[in-house]
Amino acid sequence: TSATIGNPEEFLNQLFDEDFYVVKERGDYSSERHFLILNPEEEDSAYRLATKIFSEALSMGFRTIVFTKARKITELIYNNFVRSSKVYSSKVSSYRAGYLPEERREIEQRLFTGELLGVISTSALELGIDIGNLDICILVGYPGSIINTLQRSGRVGRGRRPSLTILVAQKDALDQFFVKNPDSFFERGVENVIVDPKNTFVSTNHIICAANELPMRIEETSGYEELLKSLTNKSILISSQDDRIFFPVDRNPHRKVNIREAGDSFNIVDLKTKKLIGTISGRRVFAECHQGAIYLHKGINYFVEKMDMVKKEILVSESFDNFYTIPLTQKETEIISIDKKLEGENYVLAYGRLMVTERVVGFDRKDIFNQNLLSREELEQPPYTFETEGLVLKLPSMLKNHIEKTGFHLMGSLHATEHALIGLMPTVVLCDRH
């Protein structure tokens, strides 16, 4: 169903357990495409340069989309643009997850009809929605994979006019590698997509929703026996008298499933008007909507007054301060179990279940125009804990002693290795570097 998959036949076979025939030839007209990689000057930022190019593209009559890698960056670029370009402020919108559905549909419609000349978006507009013909795509930082790069670049050049994609490099190690080695960027193939139907973190909700659509028969559940047993023991599913058919207890389980992220969903409410502004879920609640945080929404700054854990509400009031907030977090990882192990000459690489605990311990206030640090505040927040799977790298005592004997700092060396692995991981595994 997509041109941006490296292994479509294998992927669909894994997903459906059926054989597929792959159509590889293009059937549509392909317009002339240009791709430019830009590296900002040392004293400049990718955000400022992207905003400047966006403004110039609109003034030259090119319909333009800007893709960022984070919701906050989307809001900051939009904020800076509307403050500096009053002429086009009504012709441009931000777009991201967390906006109300009716808000998103309105933006999509205005883009499709041509009423909007430009949009600044997260990956939420990457695929699946027809927003009409655009001319220029600006990528603020390498999206993390060739798949995402092509999906975002594919938003422009759908008609017969030539199109341009501009990748504005960030200080990230992978971005800078591609700046110095552009051939490596253009020669990279589209990544393979791996699907694991037995992933319990995903399949749990799928099974509950599937059983709601049509009662699930025991013969349909091969390989999921343990999961079914767990769900019935927890009274999430109930079985027939002969234990051969399963039903969900909740009549509308799909309403509790967020396809974008894990965790409970909170409503963000304006204290003064009592109006619902947007929604936020999971770990974002504690990182972006703690007391004292600034919540950015379509050019308006909202000060977070209170987080109501019982009602699942974030109460905010409009703020006219020219700063935004960045959370300061601490993270602890506990190894629950090790499932696989690989022993190398100087390391042991393990794979298993992990318990991650994150806590927001403070936040920085930063100038909304130049990102300069204004102040730092401490904060007491409840921890956010979740279970996941991950890699564990163990180093032998011999190697630790060698690092210290040769005059290197052990923890500093480990920290540098961690950042190198994080930076390189998207070139090996299809994943978000964060």
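Here, every reference points to the structure presented above.
Presented here is an overview of the structure given in this document. If you're wondering where the values come from, they're calculated on a predicted model, not measured in any experiment.

Of all the eight residues making up helix 5 (residues 146–153), six are buried; the element is thus mostly covered by neighbouring parts of the structure. Looking only at helix 5, the buried set comprises Ile-146, Ile-147, Thr-149, Gln-151, Arg-152 and Ser-153. Buried-residue contacts for helix 5 involve strand 1 (33–38), strand 2 (64–67), strand 5 (136–140), strand 6 (163–168) and helix 7 (182–187).

Tracing the sequence through the fold places Arg-283 in helix 10 (residues 282–288). Taking the C-alpha atoms as reference points, Arg-283 and Leu-227, separated by 56 residues in sequence, lie 25 Å from one another.

Take the sheet that holds strand 10 (residues 265–270) next. Reading across from one edge, 11-10-14-13-12 is the order of the five strands in this open sheet, with mixed pairing throughout. Every interior strand has two partners, whereas the edge strands, strand 11 (276–281) and strand 12 (294–297), have only one. For this sheet, the mean inter-axis angle between neighbouring strands, taken without regard to orientation, is 35 degrees. Sheet strands in contact with helix 3 (residues 71–84) are strand 12 and strand 13 (300–308), and its direction is about 65 degrees off that of strand 12.

One open sheet accounts for six strands, arranged 1-6-5-2-4-3; its pairing is parallel. At either margin of the open sheet sits one strand with a lone partner, and together these are strand 1 and strand 3 (92–95). On average, each strand axis in the sheet is tilted by 15 degrees relative to the strand beside it, whichever way the strands run. With four bridges joining them, strand 3 and strand 4 (residues 118–121) adopt parallel strand pairing. Looking at the pairing, Val-92 lines up with Gly-118 of strand 4. Across the sheet, helix 5 touches strand 1, strand 2, strand 5 and strand 6, and the angle it forms with strand 5 is around 145 degrees.

At a closest axis distance of 11 Å, the pairing of helix 8 (residues 200–213) and helix 9 (residues 225–233) adopts a crossing angle of 65 degrees. When the axis of helix 8 is compared with that of helix 9, the two are roughly perpendicular. Crossing of helix 8 over helix 9 shows right-handed handedness. Where helix 8 approaches helix 9, its residues Ser-203, Thr-204, Ile-207 and Ile-208 are matched on the opposing element by Leu-227, Leu-228 and Leu-231. Taken together, the residues that form the contact of helix 8 with helix 9 break down as five nonpolar, two polar and no charged.

On to the pattern of salt bridges. Side chains that carry opposite charge are capable of pairing whenever their charged atoms lie near each other. Going through the model one piece at a time under the given rule, you end up with 15 salt bridges. Here Arg-110 makes a salt bridge to Glu-115, at a shortest N to O gap of 3.2 Å. For Glu-115, a relative accessible area of 40% gives the class partly exposed. Salt-bridge contacts for Asp-364 lead to Arg-376; the nearest nitrogen and oxygen are separated by 2.6 Å. Highlighted residues: Asp-364 in strand 16 (residues 348–367) and Arg-376 in strand 17 (residues 373–378), separated in sequence by 12 residues. By relative accessible area, Asp-364 is classed as buried at 6%. Using a relative accessible area of 55% as the deciding quantity, one classes Arg-376 as exposed.

Conventions and cut-offs
Residues numbered from 1 in each chain as written. Predicted model: local features only at pLDDT ≥ 70, side-chain atom pairs only at ≥ 80, totals over all residues. Heavy atoms only, no water. Buried < 20%, exposed > 50% of the residue type's maximum accessible area, 1.4 Å probe, protein only. Helix = DSSP H or I, 4+ residues; strand = E, 2+ residues; numbered from the N terminus. Contact = heavy atoms within 4.5 Å. Pairing = 2+ DSSP bridges. Axes fitted to C-alpha atoms, helices over the stretch in contact; angles between N-to-C directions. Parallel < 35°, antiparallel > 145°, perpendicular 65-115°, else oblique. Left-handed = near helix turned anticlockwise from the far one by under 90°. Nonpolar A, V, L, I, M, F, W, Y, C, P; charged D, E, K, R; others polar. Salt bridge = Lys/Arg side-chain N within 4 Å of Asp/Glu carboxyl O.

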